[in-house]
Amino acid sequence: DKLKGLKTIAVTTNGINLTRLLPRLKEAGLNAINISLDTLVPAKFEFIVRRKGTNLSSKATVCLLYLQVNCVVMRGFNEDEVLDFVDFTKDLPLDVRFIEYMPFDGKCCSFEILLAQK
């Protein structure tokens, strides 16, 4: 069996197809999910993923062994939502990680939306 000895089988997703795919993924052995969620505002979420869809907040309560939300904090986009993320996740069985924005676009650095540490 290829899965023998593996303790964690995880996937990272923006969650667009999570509701549809989750039953099959769990059946295949998935026991952890990292959700990339940079905003709790539906219009901002649709801008990021470039397609219509609902905000992931309703999908974050899926029953898995481990669920983590990764949030990239960006100046002028979502830095005002940090406390909303803390409030949203405080009573849920998940961890939220705030990740520093990497100011690279492939050829040069762009520090305008980098949120400085205070």
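Going by the structure above, here's the rest.
In this text, all values refer to a predicted model and were calculated from it rather than measured experimentally.

Chemist: Sorry if this is basic, but what is going on with the side chain of N34 here?
Modeler: Residue position: N34 is located in strand β2 (residues 32-36). Overall, N34 belongs to the buried group, its relative accessible area being 18%. A distance of 3.4 Å separates a polar atom in the side chain of N34 from a polar atom in the side chain of T12. For N34, the residues in contact, after removing those within four places along its chain, are V11, T12, T13, Q68 and N70.

Chemist: Which parts of the structure should I look at to understand the pairing of β2?
Modeler: Residues in a regular strand point their side chains to alternate faces of the sheet. Burial runs high along β2: four of the five residues are buried. Note: strand β1 (residues 10-13) against β2, four bridges, orientation parallel. By the bridge assignment for β2, V11 is matched with I33. With respect to chirality, the unit in which β1 leads through helix α1 (residues 18-27) into the neighbouring parallel β2 is right-handed. Summarising the sheet, β2 and strand β3 (residues 66-73) pair through five bridges and their orientation is parallel. Paired with S36 across the strands is N70, a residue of β3.

Rules used in this analysis
Residues numbered from 1 in each chain as written. Predicted model: local features only at pLDDT ≥ 70, side-chain atom pairs only at ≥ 80, totals over all residues. Heavy atoms only, no water. Helix = DSSP H or I, 4+ residues; strand = E, 2+ residues; numbered from the N terminus. Buried < 20%, exposed > 50% of the residue type's maximum accessible area, 1.4 Å probe, protein only. Polar contact = N/O pair within 3.5 Å; in protein donor to acceptor, adjacent residues only side chain to side chain. Contact = heavy atoms within 4.5 Å. Pairing = 2+ DSSP bridges. Right-handed = clockwise from strand over helix to strand, strands pointing away.

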